[in-house]
Amino acid sequence: ELPPSEFMQVADSTWLVLSVVSNGREPPGCQATGVTKIARSVIAPLAEHHVSVLMLSTYQTDFILVRERDLPVVIHTLAGEFDIYKEESGECVPVTCDDVSNGFLKPKPAASPTLHPVQSPQTRFCVLTVAPDTLPAIATMLIDVLFYSHGPPWDAATGSQDLDSITFFSFSLIEGYISIVMDAETQKRFPSDLLLTSSTGELWRMVRIGGQPLGFDECGIVAQIAEPLAAADISAYYISTFNFDHALVPEEGIAEVIQLLQQRQESSR
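In the annotation of an unreviewed UniProt entry, the protein chain is listed under the name Cytosolic arginine sensor for mTORC1 subunit 1 and assigned to Oriolus oriolus. According to the UniProt record, the Subunit (unreviewed entry) comment for the protein chain is "Forms homodimers and heterodimers with CASTOR2. Interacts with the GATOR2 complex which is composed of MIOS, SEC13, SEH1L, WDR24 and WDR59; the interaction is negatively regulated by arginine. Interacts with TM4SF5; the interaction is positively regulated by leucine and is negatively regulated by arginine." In its Sequence similarities (unreviewed entry) section, the UniProt record describing the protein chain reads: "Belongs to the GATS family."

Quick look at the structure:
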């Protein structure tokens, strides 16, 4: 419905959403665990078969977006480990390899992905949700934060962005469920009784992946971050955006995460 505009940049691919469920049920939304639980079983095999993914963690669950043209490879790659269903008219219908085999070519093994730099700003973040019926009570504040008062921190002396304090605000509304990521200072502007978080009320730190916009054709970006964290059993809340990828980890674990990623960097040299 959005009109063409010189101010809007649109990727040329159409994406489909994969949702990973356990025993036919969505995982509970009491704790954000992100890519940790699905890194080895889904993300890594897709990277090995040269499938580029976008990752979107939400408060309730996690979604993997794949390009529509890659669907035959995705089905063939995951069918051995997963029961795969597609939604038709609100019903879940089983999908088999035969359904998408027309024109399927077994992909060549992917080359080693580029090892992108990571940055870890000092900003502390909150992962939150809001009951849909209370959304109107914070709508004005949301509009202000989204469109008027959330410009990137800029160092006037150097003419560059201050990466020690990154500005990041994510709002998603998926099938009626709301998920918000905001920095701890911004959270103070909202009525505390309307923002719902996990029982521990933990704060998160961010690792931003990429020194420049990543694009959409490269594969393995999520895997190279997710796999070492999964091996160390560290929860990660992962959000791919148009330009960069962002992994949020519990604040108390940020030192271990940085150490793991530094070891990854050194071992690749």
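Picking up where we left off.
Under the defined criterion, the tally for this structure stands at 7 salt bridges. Measuring nitrogen to oxygen at the nearest pair gives 3.2 Å for the salt bridge that ties Asp70 to Arg67. A salt bridge links Arg69 to Asp217; its shortest N-O distance comes to 3.9 Å. Note that Arg69 is positioned in the loop between β3 (62–67) and α2 (71–78) and Asp217 in the loop between β12 (204–209) and α5 (221–231), a separation of 148 residues in sequence. You can call Asp217 exposed: its relative accessible area is 55%. Through salt bridges with shared partners, one network takes in Arg67, Arg69, Asp70 and Asp217.

Summarising burial for strand β11 (residues 177–183): 6 of the 7 residues are buried, a large majority. Direction of pairing for strand β7 (residues 124–128) relative to β11: antiparallel, over a ladder of 4 bridges. Pairing of Cys126 across the sheet is with Met182, part of β11. In this structure, strand β10 (residues 170–174) lies alongside β11, joined through 5 bridges in antiparallel fashion.

Here we come to the packing of aromatic side chains. A full pass over the atoms with the stated rule returns 4 aromatic pairs. When the centroid spacing of 6.0 Å and the interplanar angle of 65° are considered together, the rings of Trp15 and Phe216 count as edge-to-face. Of this pair, Trp15 sits in strand β1 (residues 15–19) while Phe216 sits in the loop between β12 and α5, and the two are 201 residues apart along the sequence. Ring centres of Phe125 and Phe168 lie 6.2 Å apart, and the angle between their planes is 90°; on these two criteria the pair is classed as edge-to-face. Here Phe125, found in strand β7, pairs with Phe168, found in the loop between β9 (160–161) and β10; they are 43 residues apart in sequence, far enough to count as distant. On the basis of relative accessible area, Phe168 is assigned to the buried category, the value being 8%. Each residue in the set Trp15, Phe216 and Phe242 is aromatic and connected to the rest through ring pairs, giving one cluster. Sitting above the plane of the Phe244 ring, Arg208 keeps its charged end 4.2 Å from the centroid.

The rules we used
- Residues numbered from 1 in each chain as written.
- Predicted model: local features only at pLDDT ≥ 70, side-chain atom pairs only at ≥ 80, totals over all residues.
- Heavy atoms only, no water.
- UniProt positions renumbered as here; feature names shortened; annotations may be inferred.
- Salt bridge = Lys/Arg side-chain N within 4 Å of Asp/Glu carboxyl O.
- Helix = DSSP H or I, 4+ residues; strand = E, 2+ residues; numbered from the N terminus.
- Buried < 20%, exposed > 50% of the residue type's maximum accessible area, 1.4 Å probe, protein only.
- Pairing = 2+ DSSP bridges.
- Phe/Tyr/Trp six-rings, centres within 6.5 Å; stacked < 30°, edge-to-face > 60°.
- Lys NZ or Arg CZ within 6 Å of the ring centre and 35° of its normal.

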